[in-house]
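Now for the letters of each chain:
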Amino acid sequence: MNGFALLCRVQVLALVNSLAPERQGSKRRSRTTRLALAGVVAIALGALMAAYVALMGMGLVAMGLTEVIPAFALVVGSLAGIVFAFMKARGTLFGLADWDHVMSLPISRRAVVASRLGTVFLAAIVLSAVLMTPLFVVYFLNTPADPASIALAVLSIPLAPLAPVSVSVFAAFGVTVLTVRFRHANIAYIVLALAFFTLIFVGAYALSFSAGTASDPAAKLAAFGSVASAMGAGLTALYPPAAWACEGIISGSALPFVVFAAFSLGVALACLEIMQRLYLPINGLLASKGGARDRYTAERLRERRSGASPFRAMMNKEFLTLIGIPSYAFNCLFGYILMVIVAVALSAMGMRELLTSGVVDGVEITDEAVRAYASRLVVLIPWVYVFCSGMCPSAACSVSLEGRAAWIMSTAPVPPRTILGAKLATNALPVAVALAISAAVLLISGEAGVLQALEIIVLGFGVFYLLVNIALAIDATSPNFVWNTPNEVVKRSMPIMVTVFGGMAAAFGGGFACWMLMDTLGAAAAGDALNLGLGVACAAAGHLVFRRLCHRTVLFTR
């Protein structure tokens, strides 16, 4: 039991440290400060999520749909940890960096798997508590508070995510097996996941748009009410265990809730038993790295690289790295998709209809205001693409992603300009293509003129080019080669934050400055001139940053 408790402690500390990683050899005080700041940020985000969910519950109460809240809370709590479990299973349960050390411990295999699986369940339960507690508070404040119902609601919080997270772990297991046996499984996984996120994004805004186009507030309320009512029935039909728990909470009856609890605990225990039996085979496959990759002999690799320049070979390597690390792909590819989504949305819905629908942060703009400022509003579209381009920062952390294999690149007989240029081109070329496609869609649909389409490309690429070169310079001059997981540099490194938050600041600040300039001078042409001038200036500044980086940086020396 002491060994199991120690393993659980190690896993929890590893999970906490992954949220605020620090370089090896850093001082204890620095690590403590970093963890404290991460804790403050996590508490703030949790409070924000709880407040948002509570407002949703209050909205359901205002529409007379209080009875829908328990079903909504249970399904939200059940689904809360699915994505987290799916992403964390690889590296927590499978593909361990210290696989040989873990399995040599004098602890049973079941205890090892239980400690690692328990960490995933614990994180899902925390998320479930953050999302379900505000909804239940709103529900019981607006209905007679029966002690039995309150007790069952509290018990449902840790039970709700157990079964869905177990299924998510099985799905991650299946994907892991495919990754070992099927050479292109990572690409299929990334494509499906991005398609799923795109459907959620498009569906949420389509729902807001369809309800927002109603002619008056009463019609909008009725539209949302019908959707929420159908949602309550649909959710419980989609996930019957939620209906069992919901019946127990509403009526205070213990029998249906006991069935729900038995189902949730049974699935979790079955997951533990199955995973511990398959633990050795799956990790053995991952350790052996067999399959299709073994067919690439040295002779075949020489044939494949014949005729390719070093620059092109390094670009191919960067593309393969991008699609070979799912978290890297998710973090850097959705921005490209978002650019096209925005263009298609504006073309299909029309900017006038979108602005007057109340979808944009709930702000309703009258037709008269749109007609008065139509020419100025079109000038602001390029700043939307500045925001989107900042969400494609694959080059920002590309030097650190070399990791402990950085010595391979350091021995390559090419200058730093070739290496850094390949990393930059792998990011800059897709951004330019995505911006060109978006501009073409808006131009063909008539939502933007030739000048505005040119501004989308020039301004969007110019600001991106400056930010990504600054981030690349930061990463190249102070790389982190001692990371334990790619997430440390893909999601939480300074170069990534510079690109993403810099793009957000540039989009909002530049858009505001552009609007104020047009309002002061009374002409949309002033905004057009500002957009084109800033785009060219930022692109030139980005090129200067890149040239300085190539001349003054010695790569891979740390």
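Residues numbered from 1 in each chain as written. Predicted model: local features only at pLDDT ≥ 70, side-chain atom pairs only at ≥ 80, totals over all residues. Heavy atoms only, no water.

**Q** Looking at this structure, how should I read the state of the cysteines?
**A** Disulfides are covalent bonds that link the sulfur atoms of two cysteine residues. For the structure shown, the criterion picks out zero disulfides. Cysteine C397 shares no disulfide, and the gap to the nearest cysteine sulfur, in C332, comes to 5.7 Å. Here C397 falls in the buried class, since its relative accessible area comes to 0%. (Disulfide = S-S within 2.5 Å. Buried < 20%, exposed > 50% of the residue type's maximum accessible area, 1.4 Å probe, protein only.)

**Q** Whenever I open this one, the packing of aromatic side chains confuses me. Can you help?
**A** The geometry of an aromatic ring pair comes down to the distance between the two centres and the angle between the two planes. Summed over the entire model, instances satisfying the criterion amount to seven aromatic pairs. Judged by centre distance (6.1 Å) and plane angle (50 degrees), the ring pair of F461 and F464 falls under tilted. Placement of both F461 and F464 in helix 21 (residues 450-477) is noted, with a separation of three residues, approximately one turn of the helix. Both rings, one in F461 and one in Y465, keep their centres 5.5 Å apart while their planes meet at 20 degrees; by these two values the pair is stacked. Of this pair, F461 and Y465 both sit in helix 21, separated by four residues, roughly a single helical turn. Here Y465 falls in the buried class, since its relative accessible area comes to 13%. In textbook terms, an aromatic cluster arises when at least three aromatic residues are bridged by ring pairs, as seen for F136, Y139 and F140. (Phe/Tyr/Trp six-rings, centres within 6.5 Å; stacked < 30°, edge-to-face > 60°. Helix = DSSP H or I, 4+ residues; strand = E, 2+ residues; numbered from the N terminus.)

**Q** Is there a simple way to think about helix 3 (residues 69-79) in this case?
**A** Residue pairs three or four apart in sequence face the same way in an α-helix, which turns once every 3.6 residues. Among the eleven residues in helix 3, nine count as buried, and that is most of the element. Those residues of helix 3 lying buried are I69, P70, A71, F72, A73, L74, V75, G77 and S78.

**Q** So what exactly am I meant to see when it comes to the confidence of the model for the chain here?
**A** Should pLDDT be low for a region, the predicted coordinates there are not to be read in detail. Counting all residues, the mean pLDDT for the chain is 78, and 73% of those residues have values of 70 or more. Throughout residues 290-294 the model reports pLDDT below 50, and contacts reaching past four residues in sequence, or to other chains, amount to eight contacts. (pLDDT = per-residue confidence, 0-100. Contact = heavy atoms within 4.5 Å.)

**Q** Can you help me understand the pattern of salt bridges in this one?
**A** Once the charged atoms of two side chains with opposite charge are near each other, the side chains can pair. One pass over the structure, following the stated rule, counts six salt bridges. The shortest N-O distance in the salt bridge between E318 and K317 comes to 3.0 Å. Judged by its relative accessible area of 7%, E318 is buried. We classify K317 as partly exposed; its relative accessible area is 27%. Here the salt bridges share partners, and the residues they tie into one network are K317, E318, E402 and K423. (Salt bridge = Lys/Arg side-chain N within 4 Å of Asp/Glu carboxyl O.)

**Q** Help me understand the side chain of S166 in this model?
**A** For S166, the location among the structural elements is in helix 8 (residues 162-181). In this structure S166 comes out as buried when scored by relative accessible area, which is 0%. Separated by 2.8 Å, the side chain of S166 and the backbone oxygen of L162 make a polar contact. Excluding its chain neighbours within four sequence positions, the residues that come into contact with S166 are F121, V267, A268 and C271. (Polar contact = N/O pair within 3.5 Å; in protein donor to acceptor, adjacent residues only side chain to side chain.)

**Q** Even after reading the chapter, I still don't get the nonpolar core, so can you show me in this structure?
**A** One broad rule of soluble globular proteins: the nonpolar side chains tend to lie buried together. The biggest cluster of nonpolar side chains holds 53 residues, and the ones touching the most others in it are Y328, M339, Y385, L401, L420 and L442. Sequence-distant contacts of Y385, defined by excluding residues within four places in its chain, comprise M339, V342, A343, L435, S438, L442 and I456. If you look at the next biggest cluster of nonpolar residues, it comprises 51 residues, including L60, L152, V165 and A242. (Core = buried A, V, L, I, M, F, W, Y, C linked by side-chain atoms within 4.5 Å.)

**Q** I keep staring at the environment of N316 and nothing clicks. Help me out?
**A** You can see N316 is positioned in helix 14 (residues 310-324). Taking relative accessible area as the criterion, N316 reaches 40% and is therefore assigned partly exposed.

**Q** Any chance you could explain the packing of helix 15 (residues 326-349) against helix 18 (residues 381-389) here in plain terms?
**A** Two quantities define a packed helix pair, namely the angle between the axes and the distance from one axis to the other. Put simply, helix 15 and helix 18 touch, their axes get as near as 8 Å, and they point 155 degrees apart. What the angle tells us is that helix 15 and helix 18 run roughly antiparallel. Classified by chirality, the crossing of helix 18 by helix 15 is right-handed. Note on element contacts: helix 18 touches helix 15 through I381, V384, Y385, C388 and S389, opposite G335, L338, M339, V342, A343 and L346. Residue composition of the contact of helix 15 with helix 18, grouped by class: nine nonpolar, two polar and no charged. (Axes fitted to C-alpha atoms, helices over the stretch in contact; angles between N-to-C directions. Parallel < 35°, antiparallel > 145°, perpendicular 65-115°, else oblique. Left-handed = near helix turned anticlockwise from the far one by under 90°. Nonpolar A, V, L, I, M, F, W, Y, C, P; charged D, E, K, R; others polar.)

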